[in-house]
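One letter stands for each residue in the lines below.
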Amino acid sequence: MAETPERRVRAPETRKRAVRPRRTSVRYCEALVDEICARLAVGETWLAISQDAHMPSYTALYQWRKTKPGVDQKVETARLMGADALADEMLDTARAVTPATVGPAKVQIQTLQWAAGRASPARYGSRVGTPAPPGKVELHIRVRRYEKLYDDEGRAFLREILLEGEQ
């Protein structure tokens, strides 16, 4: 008769999960949106802003952007201004580098550069300065055909096959 493997009993978890305090609902008002946008404009993250007790939850701002007219445009403008603040912070960090702080400063600058590029790809993204193509682009494709031939010594070479009327 085959023996059944012993079952391992899991010990109860010693760490308790963090319980988020229940928040009261924050109602929409223009003054609150203006305060949020002012903080976004100086480079503060929405996650940090939403942790304040008098601020709406993280998802509420996204709901407001969808449902309230003008909020989306205000937030986008504030995020573009925040990208400028991040670029300024990059310069300050770079200017304060010492030989002992090169490694951490490099990581910080790269992170700020990435965040600024995400907030404003046209100004700080990896493809800055690449001009957009003009209105209409024409593409001409010429199909050419070749045949593989061998010379008297066995070396291979290609010869173009010209269609009638081509030179």
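Residues numbered from 1 in each chain as written. Predicted model: local features only at pLDDT ≥ 70, side-chain atom pairs only at ≥ 80, totals over all residues. Heavy atoms only, no water.

A. Inspection of the side chain of arginine 39 at higher detail. Mapped onto the elements, arginine 39 comes out in helix H1 (residues 30-41). Note on arginine 39: relative accessible area 16%, which makes it buried. Those residues in contact with arginine 39 that lie beyond four places of it in its chain are Glu44, Ala48, Ile49, Asp52, His54 and Met55. (Helix = DSSP H or I, 4+ residues; strand = E, 2+ residues; numbered from the N terminus. Buried < 20%, exposed > 50% of the residue type's maximum accessible area, 1.4 Å probe, protein only. Contact = heavy atoms within 4.5 Å.)

B. Examining the environment of valine 33 more closely. Looking at where valine 33 falls in the secondary structure, it is placed in helix H1. Classification of valine 33 by relative accessible area gives buried; the value is 1%. Each C-alpha atom of the pair valine 33 and valine 75 lies 8.3 Å from the other, and the pair is 42 residues apart in sequence. Apart from residues lying up to four places away in sequence, valine 33 is in contact with Tyr28, Trp64, Val71 and Lys74.

C. Quick look at the pairing of strand E2 (residues 156-161). Alignment of strand E1 (residues 145-150) against E2, held across six bridges, turns out to be antiparallel. Counted as the bridge partner of lysine 148 is leucine 158 from E2. Between E1 and the antiparallel strand that follows it, E2, lie five residues; glycine 154 among them carries a positive phi value of about 90 degrees. (Pairing = 2+ DSSP bridges.)

D. Summary view of the confidence of the model for the protein. Residues of the protein with pLDDT of at least 70 account for 80%, and the chain-wide mean is 82. Taken element by element, the predicted model of the protein shows its lowest mean pLDDT in helix H6 (residues 121-124) (80) and its highest in H1 (93). (pLDDT = per-residue confidence, 0-100.)

E. Broad picture of the packing of helix H3 (residues 58-67) against helix H4 (residues 71-95). One can describe the packing of H3 onto H4 by two numbers: an axis separation of 7 Å at closest approach and a directional angle of 125 degrees. With respect to H4, the element H3 is oriented oblique. Contacts between H3 and H4 pair Leu61, Tyr62, Trp64 and Arg65 from the former with Val71, Asp72, Val75, Glu76 and Arg79 from the latter. By residue class, the composition of the contact of H3 with H4 is five nonpolar, no polar and four charged. (Axes fitted to C-alpha atoms, helices over the stretch in contact; angles between N-to-C directions. Parallel < 35°, antiparallel > 145°, perpendicular 65-115°, else oblique. Nonpolar A, V, L, I, M, F, W, Y, C, P; charged D, E, K, R; others polar.)

F. A look at the packing of aromatic side chains. Evaluated as defined, the whole model comprises three aromatic pairs. Centre to centre, the rings of tyrosine 28 and tryptophan 64 are 5.2 Å apart; their planes meet at 80 degrees, and the pair counts as edge-to-face. Pair noted here: tyrosine 28 is in the segment before H1 and tryptophan 64 is in helix H3, with a separation of 36 residues, a long-range link. Note on tyrosine 28: relative accessible area 25%, which makes it partly exposed. Taken together, Trp46, Tyr58 and Tyr62 form an aromatic cluster joined through their ring pairs. The ring of tyrosine 28 carries the charged tip of lysine 68 above its face, separated from the ring centre by 5.0 Å. (Phe/Tyr/Trp six-rings, centres within 6.5 Å; stacked < 30°, edge-to-face > 60°. Lys NZ or Arg CZ within 6 Å of the ring centre and 35° of its normal.)

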